[in-house]
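# Survey of secondary and tertiary structure
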Amino acid sequence: STLDVLSPDERDRILTRWNDTARAVPDATLPELFQAQAARTPQAIAVQHDDATLTYAELNTRANRLAHHLIGRGIGPEQYVALALPRSVNLVVAVLAVLKTGAAYLPLDPDYPADRITYMLGNSTPACLLTDHTTAQRLPDTPALPHLLLDDESDTGTAHTDTGQADHDPTDSDRVTALRPAHPAYVIYTSGSTGRPKGVVVEHHSLNHYLAWARHTYP
């Protein structure tokens, strides 16, 4: 019991060097971080899927237009927006647009069992569901939940946000209420293997700290 199982160097490495993780992290929201990157590298490729490619400037503009469309529907901070979309450029646009409104997104895999999707929607009570015509047909019936179809070609549909909405970065003067780093950015559900799935809410400042570490670790 009097032996120290760690040498002085081992103790210093475990307690000091491994825990030396402090770094300066700006007090910013995810939209602010993305918009700053778009300003730095507007013509760089931001997202590519199959033959579809968007630069940072194009992605930011499309996300801004969809965000203003959602804000016009009353979407804002401390609300959730469910996303049920296939892997696509539209999925990235939708994620950024929701964050720009100040709301948090709830990702839904269309391949999930219907009972799980129904439970997640009932538990998180999102303000609306962003999807498309094809994916909507695979989802359980939720008549009380407003559906916004990203491929809706009607005069007021979301497909027309590319031309019919403002394209500037939304600010607190545009939003329903002010967006703060402590607001939720997204909610992710556990597997439910030990019971019912549980929604884990991740705030902007928490994800910001992770991204600061990731930028340092994955240069």
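A few words now on the overall build of the protein. Each helix and strand in the protein was counted, giving eight helices and eight strands. Once the C-alpha set of the protein is aligned to its principal axes, its extents read approximately 80 × 45 × 35 Å. Relative to its 219 residues, the protein shows a buried fraction of 41%. A separation threshold of at least 6 residues defines the contact pool for the protein, and within that pool the share at least 24 residues apart is 60%. Total accessible area on the protein is roughly 12,400 Å²; 52% of this is exposed by carbon and sulfur atoms. Averaged over its 17 positive side-chain charges, the protein has a centre that lies 6 Å from the centre of its 26 negative ones.

This part covers the packing of aromatic side chains. Evaluation of the coordinates by the stated rule reveals four aromatic pairs. Judged by centre distance (5.5 Å) and plane angle (25°), the rings of Tyr105 and Tyr186 are stacked. Highlighted residues: Tyr105 in strand β4 (residues 104-107) and Tyr186 in strand β7 (residues 184-189), separated in sequence by 81 residues. Ring-pair connections join several aromatic residues into one group, and the members of that group are Tyr210, Trp213 and Tyr218. Taking NZ or CZ as reference, Arg116 lies 4.7 Å from the ring centre of Tyr112, over its face.

Taken together, Ile14, Leu15 and Trp18 make up a surface patch of nonpolar side chains, about 330 Å² in accessible area. Mapped onto the elements of the fold, Ile14 is located in helix α1 (residues 8-17).

So, about the pairing of strand β3 (residues 80-83). The two faces of β3 match: Tyr80 and Ala82 on one face and Val81 and Leu83 on the other face are all buried. Looking at chain direction, β3 and β4 are connected through four bridges and run parallel. Each bridged residue has a counterpart across the sheet, and for Val81 the counterpart in β4 is Tyr105. With respect to chirality, the unit in which β3 leads through helix α4 (residues 89-101) into the neighbouring parallel β4 is right-handed. Both β3 and strand β5 (residues 128-131) contribute to a ladder of three bridges, which runs parallel. Across the sheet, residue Ala82 finds its bridge partner in β5, namely Leu129.

Before going further, it helps to spend a moment on helix α8 (residues 204-217). It helps to recall that an α-helix has 3.6 residues per turn; residues three or four apart then point in one direction. Relative to the 20 Å expected for 14 residues at 1.5 Å per residue, α8 spans 20 Å between its end C-alpha atoms, a close match to the ideal helical length. Residues of α8 that are buried: His204, Leu207, Asn208, Ala212 and Ala214. Down the axis of α8, the sector holding all buried residues measures 165°, keeping them to one side.

Let's shift gears to helix α5 (residues 114-124). Within α5, the full set of buried residues consists of Arg116, Ile117, Tyr119, Met120, Leu121 and Ser124. Looking at the buried residues of α5, the elements they touch are β3, β4 and β7. Trailing α5 by a residue or two, Thr125 shows a phi angle of about 45°, which is positive.

What follows covers the environment of Ala114. Following the sequence through the fold, Ala114 ends up in helix α5. By relative accessible area, Ala114 is classed as partly exposed at 41%. C-alpha of Ala114 to C-alpha of Val89: the two residues are 25 residues apart in sequence and 25 Å apart in space.

Membership of the largest hydrophobic core comes to 35 residues, with the highest contact counts inside it found for Leu66, Val81, Leu83, Val98 and Leu130. For this core, the secondary-structure elements that each account for two or more residues are α2 (30-40), α3 (56-72), β3, α4, β5 and β7. Considering each element in turn, this core owes the most residues, eight residues, to α4. Not counting chain neighbours up to four residues away, the residues in contact with Val98 comprise Leu70, Val81, Leu83, Ala103, Ala104, Tyr105 and Leu130. In this structure, Met120, Leu129, Leu145 and Tyr189 belong to the second largest nonpolar core, which totals 15 residues.

A separate point is the layout of surface pockets. In this model, the largest pocket occupies a volume close to 600 Å³. Lining the largest pocket are 21 residues, with Leu30, Leu33, Phe34, Leu96 and Leu211 positioned closest to its centre. Of all the secondary-structure elements, those providing two or more residues to the lining of the largest pocket are α2, β1 (45-49), α3, α4 and α8. Examining the composition of the lining of the largest pocket, we find that eight residues originate from one element, α2, more than from any other. Along the walls of the second largest pocket sit 14 residues, with Leu85, Leu91, Leu108, Asp109 and Pro110 positioned nearest its centre. Among the secondary structure elements, those contributing two or more residues to the lining of the second largest pocket are α4 and β4. Of the residues that constitute the lining of the second largest pocket, the class distribution is nine nonpolar, one polar and four charged.

Parameters at a glance
Residues numbered from 1 in each chain as written. Predicted model: local features only at pLDDT ≥ 70, side-chain atom pairs only at ≥ 80, totals over all residues. Heavy atoms only, no water. Helix = DSSP H or I, 4+ residues; strand = E, 2+ residues; numbered from the N terminus. Buried < 20%, exposed > 50% of the residue type's maximum accessible area, 1.4 Å probe, protein only. Contact = heavy atoms within 4.5 Å. Areas by Shrake-Rupley, 256 points an atom, 1.4 Å probe, with all protein chains shown as cover. Lys, Arg positive; Asp, Glu negative; His and termini not counted. Charge placed at Lys NZ, Arg CZ, Asp CG, Glu CD. Phe/Tyr/Trp six-rings, centres within 6.5 Å; stacked < 30°, edge-to-face > 60°. Lys NZ or Arg CZ within 6 Å of the ring centre and 35° of its normal. Patch = residues over 30% accessible without salt bridge, like charges linked within 9 Å, V, L, I, M, F, W, Y side chains within 5 Å. Salt bridge = Lys/Arg side-chain N within 4 Å of Asp/Glu carboxyl O. Pairing = 2+ DSSP bridges. Right-handed = clockwise from strand over helix to strand, strands pointing away. Expected span 1.5 Å × (residues − 1). Arc of directions from axis to C-beta. Core = buried A, V, L, I, M, F, W, Y, C linked by side-chain atoms within 4.5 Å. 1 Å grid on protein atoms, 1.4 Å probe; cavity = no way out; pocket = protein on both sides within 12 Å on 5 of 7 lines; lining within 4 Å. Points joined across faces, edges and corners; volume = space filled by probe spheres on them. Nonpolar A, V, L, I, M, F, W, Y, C, P; charged D, E, K, R; others polar.

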